[in-house]
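One letter stands for each residue in the lines below.
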Amino acid sequence: MDTSLVFNAIGTRWKIEYASPDARIGISSIRNSIDNTILEFDRSFSRFRNDSWVNLIRATPGTYQLPTDAYQLLHLYQAAYAATNGYVTPIIGHVMEQAGYDAHYSLVSTAIEKVPDFDKVLSFDQHTITTKYPVLLDFGAAGKGYLIDKIGTLLKKADVKDFVINAGGDILRYSRDNKPVIIGLEDPDDFSKVVGTCALKNGSLCASAGSRRHWENFTHIINPKTLASPTSVSGVWVKAETAAVADIVATALFFVSPSDLRSYFQFSYAVLKDDRTIVTSRNFELHTFTEAGR
Amino acid sequence: MNTYQSSTKVKTITTVVAIAVIIGIVILIEVLQHNATKTTASIPTSSSNTTMDSSGSTSTSGSSDTASSSTSTYKDGTYTADASYYVPHGNEDIKVTLTVANGVVTDSSIINSESDRDSERYQEDFAAEYKTLVVGKNLADIKLSYVAGASDTTNGFNDAMTQIRTQAQA
């Protein structure tokens, strides 16, 4: 892979490495497409800009046209909501703000209102959404993964035969020759260490942990039923065909067990508990270290 | 873009109920077992019960923490449990049987009233789960191109966290 792009977007650091395409599409054209894709996505779904679609529709219940990708995201969240019995929900924007993770990063919590049921608050179809109450949608659990997939599709269309997209530790790998990359699982308790490694040939590995975004008793992962951040799970890594699924399942596994999700999503997993044990499915192919071999 | 197989949800319920019943029996056995130094009771599959992964640590199947042993031993014998549950097309019955000899599960079977290929696969996937204590390895001692963890924060967030800490100390 001879080209790499490094930049900040959607609140994290991105590194995209890819093999220059054989086709005539120039590198700068790929970069422009990537920039435009991210910009459009950010404009629709970011809580951190007040001109975003999610902010424009939040105050007034009604029927609104859906921007690009909103239907796919809502459909994905609807499945995750059903699979987790409500633990993964997009109707959590107000909780994030009230906990302190607002557009200004105040990181000070105020009183947090309950999270309403999905069906009570909104309905949607391919083109529109109807909200019955004011609602601030937050797509943090899957938005990054979904955006990573979009960029991956763009690169494949440009005839790139090998790439790694790494957006703050959520990774999408494509290799026409099925060549694996080895990825370390960052120790949430010590960023200079990894608790294991795994290989990835084609597909996504997404990680979720509260280790970098925490304040008071909160991390950016908040249980919508208790309005507190989970403590018994320290970190989650999920492999799936797409980053959107890996991303949303990684969040879900803070709240439910893998078997709850199996009929909705295909994935493999590694879940690190706060007692330093890790539970992983065989098909994740996790390699861990022994005391002697450290 | 993504496919969700909600139609197989029903079949998975069979598996999950079967496994819940087995876990119930297994946990009961382990709670009452006197000198279990190695967990050998495991969720039955068509393959072997205990497996070792390549790094040499012992794997156990099942995600629930095993309870600590108590002083009484569990009698050898065969234990069965029946479960029946409703699915949209009718009722499914499962019968779970475990045989214990010398405090170890030596045989097991699950009988479905409706044999189902899908649920067998999910059963095998679910059963093949390992639990191990992690040991951190220094990044400096290992060659890795990529690290997967919580998303890196940008300056905006970092500054906010610093300010909050400063205020907290004031």
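Below or above, wherever it landed, is the structure these notes cover. Just so it is clear, the model here is predicted, and its values are computed rather than measured. (Residues numbered from 1 in each chain as written. Chains lettered and ligands numbered in written order. Predicted model: local features only at pLDDT ≥ 70, side-chain atom pairs only at ≥ 80, totals over all residues. Heavy atoms only, no water.)

### Some remarks on the sheet that holds strand E6 (residues 146-148) of chain B
Condition: A pair of strands counts as paired when DSSP detects no fewer than two bridges linking them. Helix numbers and strand numbers start at the N terminus; a helix is a DSSP run of H or I with at least 4 residues, a strand a run of E with at least 2.
A sheet is described by the order of its strands in space; here four strands give the open sequence E5(B)-E9(A)-E8(A)-E6(B), paired in mixed fashion. Strand pairing shows two members of the sheet lacking a second neighbour, strand E5 (137-138) and E6 of chain B, which therefore form its edges.

### Notes on the environment of A:Thr63
All names here are of chain A. We count it as follows: Burial classes follow relative accessibility: with a 1.4 Å probe on protein chains only, a residue under 20% of its type's maximum area counts as buried, one over 50% as exposed, and anything between as partly exposed. Here a residue-residue contact requires only that any non-hydrogen atoms of the pair lie within 4.5 Å. Counted as a polar contact is a pair of N or O atoms within 3.5 Å, where, for protein atoms, one must be capable of donating a hydrogen and the other of accepting one, and residues adjacent in sequence contribute only when both atoms are in side chains.
You can see Thr63 is positioned in strand E3 (residues 62-65). Among the residues examined, Thr63 registers a relative accessible area of 53% and is labelled exposed. Sequence separation of Thr63 and Leu39 is 24 residues, and the distance between their C-alpha atoms is 24 Å. Those residues in contact with Thr63 that lie beyond four places of it in its chain are Thr128, Ile129 and Thr130. At 2.9 Å, the side chain of Thr63 forms a polar contact with the side chain of Thr130.

### Comments concerning the packing of helix H1 (residues 27-45) of chain A against helix H6 (residues 143-157) of chain A
All names here are of chain A. To keep it simple, the criterion reads: Comment: axis = line fitted to C-alpha atoms, over the contacting stretch for helices; angle = value between 0 and 180 degrees taken between N-to-C directions. For classification, angles of less than 35 degrees are called roughly parallel, those exceeding 145 degrees roughly antiparallel, those between 65 and 115 degrees roughly perpendicular, and all remaining angles oblique. The sense of a crossing depends on the near helix, which, turned anticlockwise from the far helix by less than a right angle, makes the crossing left-handed and, turned clockwise, makes it right-handed. Residue type decides the class: Asp, Glu, Lys and Arg count as charged, Ala, Val, Leu, Ile, Met, Phe, Trp, Tyr, Cys and Pro as nonpolar, and the leftover types, Gly among them, as polar.
Running from amino to carboxyl end, H1 crosses H6 at an angle of 155 degrees, the nearest separation of the two axes being 10 Å. Taken together, the axes of H1 and H6 are roughly antiparallel relative to one another. Here H1 runs over H6; the crossing is right-handed. Contact residues: H1 offers Ile30, Ser33, Ile34, Thr37, Ile38 and Phe41, while H6 offers Gly143, Tyr146, Leu147, Lys150, Ile151, Leu154 and Leu155. Taken together, the residues of the contact of H1 with H6 break down into nine nonpolar, three polar and one charged.

### Thoughts on the sheet that holds strand E4 (residues 122-124) of chain A
Residues and elements named next belong to chain A. With respect to topology, three strands assemble into an open sheet ordered E3-E5-E4, the strand pairing being antiparallel. Two strands close off the open sheet at either side, each with one partner strand: E3 and E4. Averaged over all neighbouring strand pairs, the angle between strand axes comes to 20 degrees, with direction disregarded.

### Looking at the interface of chain A and chain B
Here is the rule we go by: Here the quantity called buried area is the total loss of accessible area, with a 1.4 Å probe, experienced by two parts when brought into contact, counted for both. A side-chain nitrogen of Lys or Arg and a carboxyl oxygen of Asp or Glu constitute a salt bridge if their distance falls within 4 Å.
Contacts between the two partners involve 71 residues from chain A, matched on the other side by 48 residues from chain B. Here chain A meets chain B over a buried area of about 5400 Å², counting both sides, of which 58% is carbon and sulfur. The interface formed by chain A and chain B includes one salt bridge. In this structure, the salt-bridge partner of A:Arg212 is B:Asp152, at a minimum N-O distance of 3.7 Å. Scanning the region where chain A abuts chain B turns up 16 residue pairs in polar contact (both at pLDDT 80 or more). Here the element with the most residues in the side of chain A that touches chain B is strand E8 (residues 181-187) of chain A; it accounts for seven residues. Counted by class, the side of chain A that touches chain B contains 32 nonpolar, 24 polar and 15 charged residues. Direction of pairing for strand E15 (residues 277-281) of chain A relative to strand E4 (residues 129-133) of chain B: antiparallel, over a ladder of five bridges. Residue A:Val279 lies in a different strand from E4(B), and its bridge partner there is B:Lys131.

### Details of H6(A)
Residue and element names in this part refer to chain A. We count it as follows: Here a helix's expected span is defined as the number of its residues, less one, multiplied by 1.5 Å.
Its 15 residues place the ends of H6 21 Å apart at the C-alpha level, agreeing with the 21 Å of an ideal helix rising 1.5 Å per residue. Of all the positions in H6, only Gly143, Lys144, Gly145, Tyr146, Leu147, Ile148, Asp149, Ile151, Gly152, Leu154 and Leu155 are classed as buried. As for H6, its buried residues are in contact with strand E2 (12-18), H1, helix H3 (70-83), strand E6 (162-167), strand E7 (170-175) and helix H7 (243-252). Phi for Asp159, located one or two positions after H6, is positive at around 70 degrees.

### Some points on the side chain of B:Thr153
Residues and elements named next belong to chain B. By the secondary structure assignment, Thr153 is in the loop between E6 and helix H3 (155-169). Look at Thr153 and you get buried, because its relative accessible area is 18%. A polar contact of 2.4 Å, which involves the side chain of Thr153, links it to the side chain of Asn158.

### Considerations on the pairing of E2(A)
All names here are of chain A. The buried fraction of E2 amounts to five of the seven residues, a majority that puts the element mostly inside the structure. With seven bridges joining them, strand E1 (residues 3-9) and E2 adopt antiparallel strand pairing. Note on E2: the bridge partner recorded for Ala9 is Thr12. The antiparallel pairing of E1 with E2 creates a hairpin that spans two residues between the two strands, and Ile10 there sits at a positive phi of about 40 degrees. With five bridges joining them, E2 and E6 adopt antiparallel strand pairing. Among the inter-strand pairings, Trp14 is bridged to a residue of E6, identified as Ala167.

### Things to note about the packing of aromatic side chains
A ring pair, where both rings are aromatic, is described by two values, the distance of the centres and the angle of the planes. Residue and element names in this part refer to chain A. Spelled out, the test is: Two aromatic rings from Phe, Tyr or Trp, using only the six-membered ring of Trp, form a pair when their centres are within 6.5 Å; if the ring planes differ by under 30 degrees the pair is stacked, by over 60 it is edge-to-face, and anything between is tilted. The rule for a charge over a ring is simple: NZ of Lys or CZ of Arg within 6 Å of the ring centre, and within 35 degrees of the ring normal.
Counted under the stated rule, the structure contains 20 aromatic pairs over all chains. Ring centres of Phe7 and Trp14 lie 5.7 Å apart, and the angle between their planes is 15 degrees; on these two criteria the pair is classed as stacked. For the pair Phe7 and Trp14, a shared accessibility class is recorded, and that class is buried. A centroid spacing of 5.4 Å and a plane angle of 10 degrees characterise the contact between Tyr87 and Phe255, whose relative ring orientation is stacked. Taken as a pair, Tyr87 in the loop between H3 and helix H4 (93-99) and Phe255 in the loop between H7 and helix H8 (258-261) lie far apart in primary sequence, 168 residues in all. In this structure an aromatic cluster arises from ring pairing among Phe41, Phe45, Trp53, Tyr77, Phe139 and Tyr146. One Lys or Arg, Arg47, reaches over the ring of Tyr101 and ends 5.5 Å from the middle of that ring.

### A few points about the pattern of salt bridges
Applying the stated criterion to the full structure yields 14 salt bridges over all chains. Here A:Asp51 makes a salt bridge to A:Arg49, at a shortest N to O gap of 2.8 Å.

### Some details on the environment of A:Ser52
All names here are of chain A. Here Ser52 is to be found in the loop between H1 and helix H2 (53-56). Linking Ser52 and Glu40, residues 12 residues apart in sequence, is a C-alpha distance of 9.7 Å. Setting aside anything within four residues of it in sequence, one finds Ser52 in contact with Asp42, Arg43, Ser44 and Ser46. Looking at Ser52, its side chain comes within polar contact range of the main-chain oxygen of Arg49, at 3.2 Å.

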